[in-house]
Amino acid sequence: MTRDPKQPGYKAIQVLDYDPAWPNEFDEAAAKLDRLLDGLVADIEHIGSTSIPGMCAKPKIDVDIVLKSEELIPQGIERLKQVGYTYHGNKYDDGMWAFTTGRGSFGERVYLCAPGTPTHQKRLFFRNHLRAHPEDATSYALLKQQLASETDNDWDYYTGRKGPFIASIVKKAAKDQIRAVTKHKGQIVQEILSDLPEWFGIPAAIAAYVRRAEALPMFACLAPDGTAVGFLSLNVTSEFAVEVHVMGVKGGWHRMGLGRALIKAAKDHAVSKNARFLTTKTIAATKSDKNYAATRAFYETVGFLPVEVFPTHWGDGNPCLFMIHPLGRRA
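Enquirer: What's the story with the sheet that holds strand β2 (residues 60–67) in this structure? I'm lost.
Expert: Consider a sheet: its strands pair through backbone hydrogen bonds, and that pairing is either parallel or antiparallel. Spatial ordering of the open sheet is given by β1-β2-β5-β4-β3, a layout of five strands whose pairing is mixed. Edge positions in the open sheet fall to β1 (41–47) and β3 (86–89), since each of these has one partner strand only. Within this sheet the neighbouring strands show an average axis-to-axis angle of 20 degrees, counted without direction. Here β3 runs beside strand β4 (residues 97–101); their pairing, made up of three bridges, is antiparallel. Within β4, the position partnered with G89 by the bridge is A98.

Structure, rendered in C-alpha coordinates:
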(Lines give C-alpha, C1' and ligand atoms only; values in the text may rest on other atoms or scores of the structure.)
Protein backbone atom coordinates (compact mmCIF):
# COMPACT_ATOMS: atom_id res chain seq x y z
CA MET A 1 0.00 0.00 0.00
CA THR A 2 0.96 3.65 -0.11
CA ARG A 3 1.99 3.59 3.54
CA ASP A 4 2.79 0.90 6.05
CA PRO A 5 -0.23 0.78 8.41
CA LYS A 6 2.07 -0.29 11.26
CA GLN A 7 3.63 3.17 11.35
CA PRO A 8 2.44 5.67 14.00
CA GLY A 9 -0.68 7.65 13.13
CA TYR A 10 -2.13 5.12 10.72
CA LYS A 11 -5.57 5.35 12.36
CA ALA A 12 -5.85 9.08 11.63
CA ILE A 13 -7.93 10.43 8.75
CA GLN A 14 -5.37 10.97 6.02
CA VAL A 15 -6.33 12.33 2.61
CA LEU A 16 -3.36 11.88 0.30
CA ASP A 17 -2.64 13.08 -3.22
CA TYR A 18 -3.68 10.71 -5.98
CA ASP A 19 -1.42 7.70 -6.33
CA PRO A 20 -1.19 6.09 -9.81
CA ALA A 21 -0.63 2.76 -8.04
CA TRP A 22 -4.21 2.64 -6.74
CA PRO A 23 -5.77 1.09 -9.88
CA ASN A 24 -3.17 -1.69 -9.77
CA GLU A 25 -3.87 -2.23 -6.07
CA PHE A 26 -7.54 -2.61 -6.92
CA ASP A 27 -6.74 -5.10 -9.70
CA GLU A 28 -4.71 -7.19 -7.26
CA ALA A 29 -7.45 -7.06 -4.62
CA ALA A 30 -10.15 -7.91 -7.18
CA ALA A 31 -8.22 -10.93 -8.48
CA LYS A 32 -7.68 -12.19 -4.92
CA LEU A 33 -11.36 -11.71 -4.01
CA ASP A 34 -12.53 -13.39 -7.19
CA ARG A 35 -10.47 -16.45 -6.26
CA LEU A 36 -11.78 -16.46 -2.70
CA LEU A 37 -15.37 -16.19 -3.91
CA ASP A 38 -14.94 -18.53 -6.84
CA GLY A 39 -18.28 -19.31 -8.47
CA LEU A 40 -20.23 -16.66 -6.58
CA VAL A 41 -19.24 -13.42 -8.31
CA ALA A 42 -21.18 -11.60 -11.02
CA ASP A 43 -19.11 -8.39 -11.00
CA ILE A 44 -16.36 -6.60 -9.06
CA GLU A 45 -16.14 -2.80 -9.18
CA HIS A 46 -13.57 -0.29 -7.95
CA ILE A 47 -15.55 2.44 -6.18
CA GLY A 48 -14.71 5.34 -3.88
CA SER A 49 -12.18 8.11 -4.39
CA THR A 50 -9.24 5.85 -5.24
CA SER A 51 -11.22 4.85 -8.37
CA ILE A 52 -11.30 8.42 -9.74
CA PRO A 53 -8.14 9.44 -11.65
CA GLY A 54 -6.43 12.46 -10.09
CA MET A 55 -8.61 12.44 -6.95
CA CYS A 56 -7.03 12.81 -3.54
CA ALA A 57 -8.19 10.04 -1.21
CA LYS A 58 -7.67 8.00 1.89
CA PRO A 59 -5.44 5.17 0.61
CA LYS A 60 -8.03 2.51 1.37
CA ILE A 61 -9.17 0.59 -1.69
CA ASP A 62 -12.98 0.37 -1.87
CA VAL A 63 -14.39 -2.69 -3.62
CA ASP A 64 -18.02 -3.57 -4.37
CA ILE A 65 -18.66 -7.22 -5.19
CA VAL A 66 -21.96 -8.12 -6.83
CA LEU A 67 -22.79 -11.77 -6.23
CA LYS A 68 -24.85 -13.78 -8.70
CA SER A 69 -27.88 -13.82 -6.40
CA GLU A 70 -28.99 -12.63 -2.98
CA GLU A 71 -29.11 -16.24 -1.78
CA LEU A 72 -25.31 -16.49 -2.12
CA ILE A 73 -24.57 -13.67 0.35
CA PRO A 74 -24.36 -15.89 3.49
CA GLN A 75 -21.86 -18.14 1.71
CA GLY A 76 -19.81 -15.12 0.60
CA ILE A 77 -19.79 -13.73 4.13
CA GLU A 78 -18.45 -16.97 5.57
CA ARG A 79 -15.69 -17.26 2.98
CA LEU A 80 -14.36 -13.75 3.66
CA LYS A 81 -14.56 -14.19 7.42
CA GLN A 82 -12.60 -17.44 7.19
CA VAL A 83 -9.63 -15.76 5.46
CA GLY A 84 -9.34 -12.92 7.94
CA TYR A 85 -11.52 -10.09 6.68
CA THR A 86 -13.12 -8.17 9.56
CA TYR A 87 -16.90 -8.40 9.23
CA HIS A 88 -19.03 -5.29 9.91
CA GLY A 89 -22.46 -6.54 8.83
CA ASN A 90 -25.16 -4.66 6.94
CA LYS A 91 -24.72 -1.49 9.00
CA TYR A 92 -27.16 0.75 7.12
CA ASP A 93 -29.71 -1.96 6.26
CA ASP A 94 -29.18 -1.24 2.57
CA GLY A 95 -28.08 -4.65 1.33
CA MET A 96 -24.33 -3.88 1.50
CA TRP A 97 -22.42 -6.36 3.67
CA ALA A 98 -19.14 -4.76 4.76
CA PHE A 99 -15.64 -6.10 5.47
CA THR A 100 -12.26 -4.46 6.03
CA THR A 101 -8.59 -5.27 6.16
CA GLY A 102 -6.04 -2.90 7.67
CA ARG A 103 -7.15 -0.06 9.92
CA GLY A 104 -7.97 3.62 9.66
CA SER A 105 -7.17 5.11 6.27
CA PHE A 106 -5.24 2.06 5.04
CA GLY A 107 -6.16 -1.37 3.70
CA GLU A 108 -9.28 -2.54 1.86
CA ARG A 109 -12.98 -1.93 2.36
CA VAL A 110 -15.06 -4.63 0.67
CA TYR A 111 -18.82 -4.87 0.23
CA LEU A 112 -20.94 -7.82 -0.87
CA CYS A 113 -24.33 -7.17 -2.45
CA ALA A 114 -26.99 -8.71 -4.67
CA PRO A 115 -27.63 -7.69 -8.30
CA GLY A 116 -29.48 -4.38 -8.61
CA THR A 117 -28.81 -3.19 -5.05
CA PRO A 118 -29.57 0.58 -5.06
CA THR A 119 -26.61 1.62 -2.89
CA HIS A 120 -24.17 -0.12 -5.23
CA GLN A 121 -25.79 1.47 -8.29
CA LYS A 122 -25.67 4.92 -6.66
CA ARG A 123 -21.95 4.47 -5.93
CA LEU A 124 -21.39 3.75 -9.62
CA PHE A 125 -23.40 6.83 -10.56
CA PHE A 126 -21.18 8.91 -8.26
CA ARG A 127 -17.92 7.40 -9.55
CA ASN A 128 -18.88 7.64 -13.21
CA HIS A 129 -20.06 11.24 -12.87
CA LEU A 130 -16.87 12.43 -11.18
CA ARG A 131 -14.76 10.63 -13.78
CA ALA A 132 -16.63 12.53 -16.51
CA HIS A 133 -16.95 15.92 -14.77
CA PRO A 134 -13.59 17.27 -13.53
CA GLU A 135 -15.19 20.41 -12.09
CA ASP A 136 -17.31 18.35 -9.68
CA ALA A 137 -14.34 16.11 -8.88
CA THR A 138 -12.32 19.21 -7.94
CA SER A 139 -15.11 20.44 -5.65
CA TYR A 140 -15.25 17.05 -3.94
CA ALA A 141 -11.47 16.96 -3.47
CA LEU A 142 -11.50 20.41 -1.86
CA LEU A 143 -14.33 19.37 0.47
CA LYS A 144 -12.48 16.25 1.60
CA GLN A 145 -9.29 18.15 2.26
CA GLN A 146 -11.19 20.74 4.27
CA LEU A 147 -13.00 18.14 6.36
CA ALA A 148 -9.83 16.15 6.99
CA SER A 149 -8.12 19.30 8.29
CA GLU A 150 -10.93 20.25 10.69
CA THR A 151 -12.24 16.92 12.01
CA ASP A 152 -9.53 16.04 14.55
CA ASN A 153 -9.88 12.46 13.28
CA ASP A 154 -13.62 12.29 13.95
CA TRP A 155 -14.68 9.69 11.35
CA ASP A 156 -18.42 10.26 11.86
CA TYR A 157 -17.98 13.99 11.26
CA TYR A 158 -15.81 13.44 8.20
CA THR A 159 -18.16 10.91 6.62
CA GLY A 160 -21.37 12.71 7.57
CA ARG A 161 -20.30 16.09 6.21
CA LYS A 162 -19.53 14.53 2.82
CA GLY A 163 -23.05 13.11 2.63
CA PRO A 164 -24.95 16.11 1.19
CA PHE A 165 -22.39 16.63 -1.60
CA ILE A 166 -22.42 12.94 -2.51
CA ALA A 167 -26.23 12.88 -2.55
CA SER A 168 -26.35 15.94 -4.82
CA ILE A 169 -23.98 14.32 -7.33
CA VAL A 170 -25.91 11.03 -7.33
CA LYS A 171 -29.14 12.92 -8.00
CA LYS A 172 -27.55 14.87 -10.83
CA ALA A 173 -26.07 11.71 -12.35
CA ALA A 174 -29.35 9.79 -12.13
CA LYS A 175 -31.36 12.58 -13.76
CA ASP A 176 -28.80 12.71 -16.56
CA GLN A 177 -29.61 9.06 -17.36
CA ILE A 178 -33.25 9.57 -18.32
CA ARG A 179 -33.72 8.28 -21.85
CA ALA A 180 -36.48 7.54 -24.33
CA VAL A 181 -37.11 3.78 -24.26
CA THR A 182 -37.96 1.71 -27.32
CA LYS A 183 -37.43 -1.87 -26.11
CA HIS A 184 -38.60 -4.06 -23.22
CA LYS A 185 -41.20 -1.51 -22.12
CA GLY A 186 -43.54 -4.12 -20.66
CA GLN A 187 -40.72 -5.67 -18.64
CA ILE A 188 -39.81 -2.25 -17.21
CA VAL A 189 -43.42 -1.59 -16.19
CA GLN A 190 -43.77 -5.03 -14.60
CA GLU A 191 -40.57 -4.77 -12.55
CA ILE A 192 -41.11 -1.23 -11.29
CA LEU A 193 -44.84 -1.37 -10.52
CA SER A 194 -44.35 -4.71 -8.74
CA ASP A 195 -41.86 -2.89 -6.48
CA LEU A 196 -44.59 -0.42 -5.44
CA PRO A 197 -47.39 -2.43 -3.79
CA GLU A 198 -48.58 0.65 -1.84
CA TRP A 199 -49.69 2.23 -5.11
CA PHE A 200 -50.03 -0.73 -7.48
CA GLY A 201 -51.34 -3.61 -5.43
CA ILE A 202 -53.86 -4.99 -7.93
CA PRO A 203 -52.25 -7.59 -10.24
CA ALA A 204 -54.89 -7.08 -12.94
CA ALA A 205 -54.11 -3.36 -13.04
CA ILE A 206 -50.38 -4.01 -13.41
CA ALA A 207 -51.11 -6.50 -16.20
CA ALA A 208 -53.18 -3.86 -18.01
CA TYR A 209 -50.37 -1.31 -17.74
CA VAL A 210 -47.88 -3.88 -19.04
CA ARG A 211 -50.04 -4.74 -22.06
CA ARG A 212 -50.52 -1.09 -22.95
CA ALA A 213 -46.89 -0.07 -22.43
CA GLU A 214 -45.39 -1.43 -25.64
CA ALA A 215 -47.48 0.91 -27.81
CA LEU A 216 -46.82 4.10 -25.82
CA PRO A 217 -43.90 6.56 -25.67
CA MET A 218 -41.81 5.89 -22.57
CA PHE A 219 -38.97 7.59 -20.69
CA ALA A 220 -36.89 5.79 -18.06
CA CYS A 221 -33.95 6.40 -15.76
CA LEU A 222 -31.36 3.70 -16.40
CA ALA A 223 -29.01 2.61 -13.62
CA PRO A 224 -25.34 1.87 -14.43
CA ASP A 225 -26.16 -1.84 -14.84
CA GLY A 226 -28.69 -0.94 -17.55
CA THR A 227 -31.81 -1.70 -15.52
CA ALA A 228 -34.59 0.88 -15.25
CA VAL A 229 -35.22 2.34 -11.78
CA GLY A 230 -37.97 4.76 -12.78
CA PHE A 231 -40.20 5.27 -15.82
CA LEU A 232 -43.07 7.28 -17.23
CA SER A 233 -45.30 6.33 -20.16
CA LEU A 234 -47.44 8.75 -22.15
CA ASN A 235 -50.68 8.58 -24.07
CA VAL A 236 -51.74 11.12 -26.73
CA THR A 237 -55.42 11.70 -25.91
CA SER A 238 -56.16 14.45 -28.45
CA GLU A 239 -54.45 16.98 -30.70
CA PHE A 240 -54.35 19.26 -27.67
CA ALA A 241 -53.28 16.96 -24.82
CA VAL A 242 -50.79 14.30 -23.82
CA GLU A 243 -51.58 12.25 -20.73
CA VAL A 244 -49.24 10.68 -18.18
CA HIS A 245 -50.44 7.10 -18.55
CA VAL A 246 -48.48 5.77 -15.58
CA MET A 247 -45.29 6.68 -13.69
CA GLY A 248 -43.28 4.73 -11.14
CA VAL A 249 -39.92 4.95 -9.35
CA LYS A 250 -38.54 1.99 -7.40
CA GLY A 251 -38.68 2.39 -3.64
CA GLY A 252 -34.90 2.53 -3.17
CA TRP A 253 -34.74 5.49 -5.55
CA HIS A 254 -37.33 7.81 -4.01
CA ARG A 255 -36.52 11.40 -2.95
CA MET A 256 -33.87 11.75 -5.64
CA GLY A 257 -35.73 14.08 -7.98
CA LEU A 258 -36.43 11.35 -10.55
CA GLY A 259 -40.17 12.06 -10.57
CA ARG A 260 -39.54 15.71 -11.42
CA ALA A 261 -37.03 14.76 -14.10
CA LEU A 262 -39.46 12.28 -15.65
CA ILE A 263 -42.22 14.91 -15.68
CA LYS A 264 -39.82 17.32 -17.40
CA ALA A 265 -39.16 14.70 -20.07
CA ALA A 266 -42.93 14.27 -20.45
CA LYS A 267 -43.45 18.03 -20.79
CA ASP A 268 -40.69 18.31 -23.38
CA HIS A 269 -42.25 15.43 -25.35
CA ALA A 270 -45.72 16.96 -25.17
CA VAL A 271 -44.41 20.33 -26.36
CA SER A 272 -42.64 18.58 -29.25
CA LYS A 273 -46.07 17.25 -30.28
CA ASN A 274 -47.49 20.81 -30.11
CA ALA A 275 -49.80 19.79 -27.28
CA ARG A 276 -51.26 22.52 -25.09
CA PHE A 277 -51.73 20.43 -21.97
CA LEU A 278 -50.06 17.60 -20.08
CA THR A 279 -52.67 15.76 -18.03
CA THR A 280 -52.77 13.01 -15.44
CA LYS A 281 -55.19 11.17 -13.18
CA THR A 282 -54.70 9.95 -9.63
CA ILE A 283 -56.89 8.79 -6.76
CA ALA A 284 -58.99 11.64 -5.34
CA ALA A 285 -58.69 12.92 -1.77
CA THR A 286 -61.59 10.74 -0.62
CA LYS A 287 -58.98 7.97 -0.49
CA SER A 288 -57.45 8.50 2.95
CA ASP A 289 -53.97 7.20 2.18
CA LYS A 290 -50.63 8.91 2.79
CA ASN A 291 -49.12 7.57 -0.42
CA TYR A 292 -51.87 8.93 -2.66
CA ALA A 293 -51.82 12.19 -0.70
CA ALA A 294 -48.10 12.48 -1.45
CA THR A 295 -48.78 11.73 -5.13
CA ARG A 296 -51.37 14.51 -5.36
CA ALA A 297 -49.03 16.93 -3.61
CA PHE A 298 -46.17 15.98 -5.95
CA TYR A 299 -48.19 16.71 -9.08
CA GLU A 300 -49.22 20.10 -7.70
CA THR A 301 -45.61 21.03 -6.90
CA VAL A 302 -44.54 20.35 -10.51
CA GLY A 303 -47.27 22.57 -11.97
CA PHE A 304 -50.40 20.42 -12.30
CA LEU A 305 -53.76 21.92 -11.35
CA PRO A 306 -56.62 19.80 -9.94
CA VAL A 307 -59.55 20.22 -12.31
CA GLU A 308 -62.21 17.57 -11.80
CA VAL A 309 -63.07 14.49 -9.79
CA PHE A 310 -64.44 11.77 -12.07
CA PRO A 311 -67.51 9.89 -10.83
CA THR A 312 -66.16 6.73 -12.43
CA HIS A 313 -64.42 4.38 -10.03
CA TRP A 314 -61.27 2.34 -10.21
CA GLY A 315 -61.03 -1.23 -8.97
CA ASP A 316 -61.03 -0.32 -5.27
CA GLY A 317 -64.07 1.95 -5.48
CA ASN A 318 -62.25 5.30 -5.23
CA PRO A 319 -63.01 8.21 -7.59
CA CYS A 320 -60.07 9.55 -9.56
CA LEU A 321 -58.82 13.13 -9.70
CA PHE A 322 -58.09 14.69 -13.09
CA MET A 323 -55.14 17.13 -13.12
CA ILE A 324 -53.86 19.39 -15.89
CA HIS A 325 -50.61 21.19 -16.63
CA PRO A 326 -50.83 24.06 -19.20
CA LEU A 327 -47.84 23.94 -21.58
CA GLY A 328 -48.27 26.51 -24.33
CA ARG A 329 -47.30 25.78 -27.89
CA ARG A 330 -43.80 26.16 -29.26
CA ALA A 331 -43.18 29.29 -31.32
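Now that the structure has been shown, the text picks up again.
Enquirer: Explanation requested: the pattern of salt bridges in the structure shown.
Expert: Should their charged atoms come close, side chains of opposite charge can pair. Taken as a whole, this structure holds eight salt bridges when the rule is applied. The partner of E45 in a salt bridge is R127, with the nearest N and O atoms 2.8 Å apart. With a gap of 82 residues between them, E45 in strand β1 and R127 in helix α3 (residues 118–132) connect regions that are remote in the sequence. Overall, the relative accessible area of 18% leaves E45 in the buried class. By relative accessible area, R127 is classed as buried at 8%. Its salt-bridge partner being E243, residue K281 comes within 2.4 Å of it at the nearest N-O pair. Residue K281 is found in strand β10 (residues 277–283), and its partner E243 is found in strand β9 (residues 241–249); the two are separated by 38 residues along the sequence.

Enquirer: What is the right way to look at unusual backbone geometry in this model?
Expert: Negative phi values dominate among residues other than glycine, just as trans dominates among peptide bonds. One non-glycine residue, D93, adopts positive backbone phi at about 55 degrees. Among the structural elements, D93 can be located in the loop between β3 and β4. Positive phi, close to 60 degrees, is recorded for N274, a residue that is not glycine.

Enquirer: Just to check I follow, could you spell out the packing of α3 against helix α4 (residues 134–150) for this structure?
Expert: Packed helices, taken two at a time, are described by their axes: the angle between them and the distance between them. Closest axis-to-axis distance for the α3/α4 pair is 5 Å, and the angle between their directions is 110 degrees. The angle between α3 and α4 falls in the class roughly perpendicular. Counting all contacts with α3, which are made through F126, H129, L130 and A132, the residues of α4 involved are P134, D136, A137 and Y140. Of the residues assigned to the contact of α3 with α4, the class counts are six nonpolar, one polar and one charged.

Enquirer: Is there a simple way to explain helix α9 (residues 290–301) in this structure?
Expert: What sets the pattern is the α-helix's 3.6 residues per turn: residues three or four places apart point alike. The terminal C-alpha atoms of α9, which comprises twelve residues, lie 16 Å apart, in line with the 16 Å expected from a rise of 1.5 Å per residue. What α9 keeps buried is the set N291, Y292, T295, R296, F298 and Y299. The buried side chains of α9 occupy one side of the element, clustering within an arc of 160 degrees when seen end-on. In this structure, the buried side of α9 is in contact with β9, α8 (258–272), β10 and β12 (319–326).

Enquirer: Explain the layout of surface pockets here, please?
Expert: Over the atoms a probe the size of a water molecule is rolled, and this reveals where empty space is left. Of the volumes computed, that of the largest pocket is approximately 1700 Å³. Every residue lining the largest pocket is counted, 45 residues in all, and those nearest its centre are Y92, R109, Y111, R123 and T159. For the lining of the largest pocket, the secondary structure elements donating two or more residues are β2, β3, β4, β5 (107–113), α3, α4 and α5 (155–175). Residues of the lining of the largest pocket, tallied by class, amount to 14 nonpolar, 15 polar and 16 charged. Considered as a void within the structure, the second largest pocket measures approximately 1200 Å³ in volume.

Enquirer: What am I meant to see in the pairing of strand β7 (residues 218–222) here?
Expert: Remember that side chains alternate between the two faces of the sheet whenever the strand is regular. Of all the five residues making up β7, four are buried; the element is thus mostly covered by neighbouring parts of the structure. For strand β6 (residues 178–181) and β7, the ladder comprises four bridges, and the chain directions are antiparallel. Bridged to V181 within β7 is M218. A loop of five residues connects β7 with strand β8 (residues 228–236), the two strands running antiparallel in sequence, and G226 in this loop sits at a positive phi of about 90 degrees.

Definitions and limits used
- Residues numbered from 1 in each chain as written.
- Predicted model: local features only at pLDDT ≥ 70, side-chain atom pairs only at ≥ 80, totals over all residues.
- Heavy atoms only, no water.
- Pairing = 2+ DSSP bridges.
- Helix = DSSP H or I, 4+ residues; strand = E, 2+ residues; numbered from the N terminus.
- Axes fitted to C-alpha atoms, helices over the stretch in contact; angles between N-to-C directions.
- Salt bridge = Lys/Arg side-chain N within 4 Å of Asp/Glu carboxyl O.
- Buried < 20%, exposed > 50% of the residue type's maximum accessible area, 1.4 Å probe, protein only.
- Parallel < 35°, antiparallel > 145°, perpendicular 65-115°, else oblique.
- Contact = heavy atoms within 4.5 Å.
- Nonpolar A, V, L, I, M, F, W, Y, C, P; charged D, E, K, R; others polar.
- Expected span 1.5 Å × (residues − 1).
- Arc of directions from axis to C-beta.
- 1 Å grid on protein atoms, 1.4 Å probe; cavity = no way out; pocket = protein on both sides within 12 Å on 5 of 7 lines; lining within 4 Å.
- Points joined across faces, edges and corners; volume = space filled by probe spheres on them.

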